[in-house]
Amino acid sequence: SGNSALVVRRQAVTRDDGVPFSWTTTLGAQHALQTDAYYIPLLLNNGLTGADNTLGASEIEDDSVVANLSASARSYTKFIGLAETLDDRRIASSVWEHFLAIGCSPAYLSENNEGIRIDWPRIPLPAKPEALLRSAELGGELAALLDTEATVLGVTTGEIRPELRQIAVISRAGGGHLDPNAGDLAVTAGWGHAGKDGVTMPAKGRTVVREYTAAESETLGGGPNADPSAVNRRVEALGARTRDVCLNDRAYWSNVPERVWGYTIGGYQVIKKWLSYRERPLLGRDLTPDEANYVTEMARRIAAILLLEPELDANYLAVKGDTYPWKR
């Protein structure tokens, strides 16, 4: 209880692999990333270490938890003085959240593209404790945004950040209110179909690509009297154009920026993949209002991740400039 896992794949299955990391507080399947998801828990039960640390173990003499770190990683935390100031839970979160922060940096992914495609991502470790903690703080923000079970203030709950408010708003063609009882939330725009043995196969679906409206551009800048430079930075982060994503002929999610729509984790285009399983003939029913709103939440989570990218790149460059001399 209370554990988390860094999710990573061993090698790229497709060229458009996207970010090779995710984060979860739930159990998952290998196909959460395209055929190759591995779950690295932050914490282990102290009585279940080494060869005995299996799901089949029946007796736990000591149910206290320890950081899931190798002896070499322990040496690193001692070298930078982290082991003297933090407990094991904090050490575990600091190391693994740092991995997530570096692994989601576009600069890191670009510079190391070929190596990451064919093997595990290699993550540089900062030589100073304060650099690790700064990186882990960014990683903690990413972890909350990627964890489907976590609410994020300003993104999924509370007062939504101004720049996110008009992203993926559930809307009705021609205006007015949607009526779930009249089939308005049925996904019939062709996002998925049944393949061999009932396996869900993604399909093209239907979107309408367009320019941002004046109101959407204004919210990207933070509201009325928007700073043009803020608008430009956020448009660069989210994409120069946007699109409306259709459920059916009547309902759509308005304003899903192009980079939000295209965001890919471990070979899967996130929103499109979700929709492929919700086509009405496959799901056997219409979406509930909560499920329709979940797509809005998902798009806002991705947008918040994209808006973090300049900080993630700056963090990667700082870490790369002063690294721990790792020894196997």
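Structure first, text after, so check above.
Residues numbered from 1 in each chain as written. Predicted model: local features only at pLDDT ≥ 70, side-chain atom pairs only at ≥ 80, totals over all residues. Heavy atoms only, no water.

Participant: Explain the layout of surface pockets here, please?
Facilitator: Rolling a probe over the atoms, with the probe sized like a water molecule, indicates the empty space that remains. Volume-wise, the largest pocket comes out at about 920 Å³. In this structure, the largest pocket is lined by 31 residues; those nearest its centre are Ser22, Ala32, Thr148, Val270 and Tyr294. Of all the secondary-structure elements, those providing two or more residues to the lining of the largest pocket are β2 (21-24), α5 (129-146), α9 (270-276) and α11 (289-307). Broken down by element, the lining of the largest pocket gets its largest block of residues, 5 residues, from α11. In terms of residue class, the lining of the largest pocket is made up of 19 nonpolar, 8 polar and 4 charged. (1 Å grid on protein atoms, 1.4 Å probe; cavity = no way out; pocket = protein on both sides within 12 Å on 5 of 7 lines; lining within 4 Å. Points joined across faces, edges and corners; volume = space filled by probe spheres on them. Helix = DSSP H or I, 4+ residues; strand = E, 2+ residues; numbered from the N terminus. Nonpolar A, V, L, I, M, F, W, Y, C, P; charged D, E, K, R; others polar.)

Participant: What is the right way to look at the packing of aromatic side chains in this model?
Facilitator: Each pair of aromatic rings is reported with the distance of its centres and the angle of its planes. For the structure shown, the criterion picks out 7 aromatic pairs. Seen from their ring centres, Tyr38 and Trp120 are 5.1 Å apart, and the 70° between their planes marks the pair as edge-to-face. With a gap of 82 residues between them, Tyr38 in strand β3 (residues 37-41) and Trp120 in the loop between α4 (113-118) and α5 connect regions that are remote in the sequence. We classify Trp120 as partly exposed; its relative accessible area is 33%. Among the aromatic residues, ring-to-ring pairing joins Tyr76, Phe79 and Tyr324 into one connected group. The ring of Trp274 has Arg278 sitting right over it, with the charged end atom 4.0 Å from the ring centre. (Phe/Tyr/Trp six-rings, centres within 6.5 Å; stacked < 30°, edge-to-face > 60°. Buried < 20%, exposed > 50% of the residue type's maximum accessible area, 1.4 Å probe, protein only. Lys NZ or Arg CZ within 6 Å of the ring centre and 35° of its normal.)

Participant: Hey, could you run me through the side chain of Thr264 in this one?
Facilitator: Its place among the elements puts Thr264 in strand β12 (residues 264-265). For Thr264, a relative accessible area of 6% translates into the label buried. Reaching out from Thr264, the side chain makes a polar contact with the backbone oxygen of Gly262 at a distance of 2.9 Å. (Polar contact = N/O pair within 3.5 Å; in protein donor to acceptor, adjacent residues only side chain to side chain.)

Participant: Help me understand the environment of Ile271, please; the structure alone is not making it clear to me.
Facilitator: Along the chain, the position of Ile271 falls in helix α9. Residues Ile271 and Asp184, spaced 87 residues apart in sequence, show a C-alpha to C-alpha distance of 19 Å. Each residue touching Ile271, except ones within four places of it in the same chain, is listed here: Val256, Val260, Trp261, Val295, Met298, Ala299 and Ile302. (Contact = heavy atoms within 4.5 Å.)

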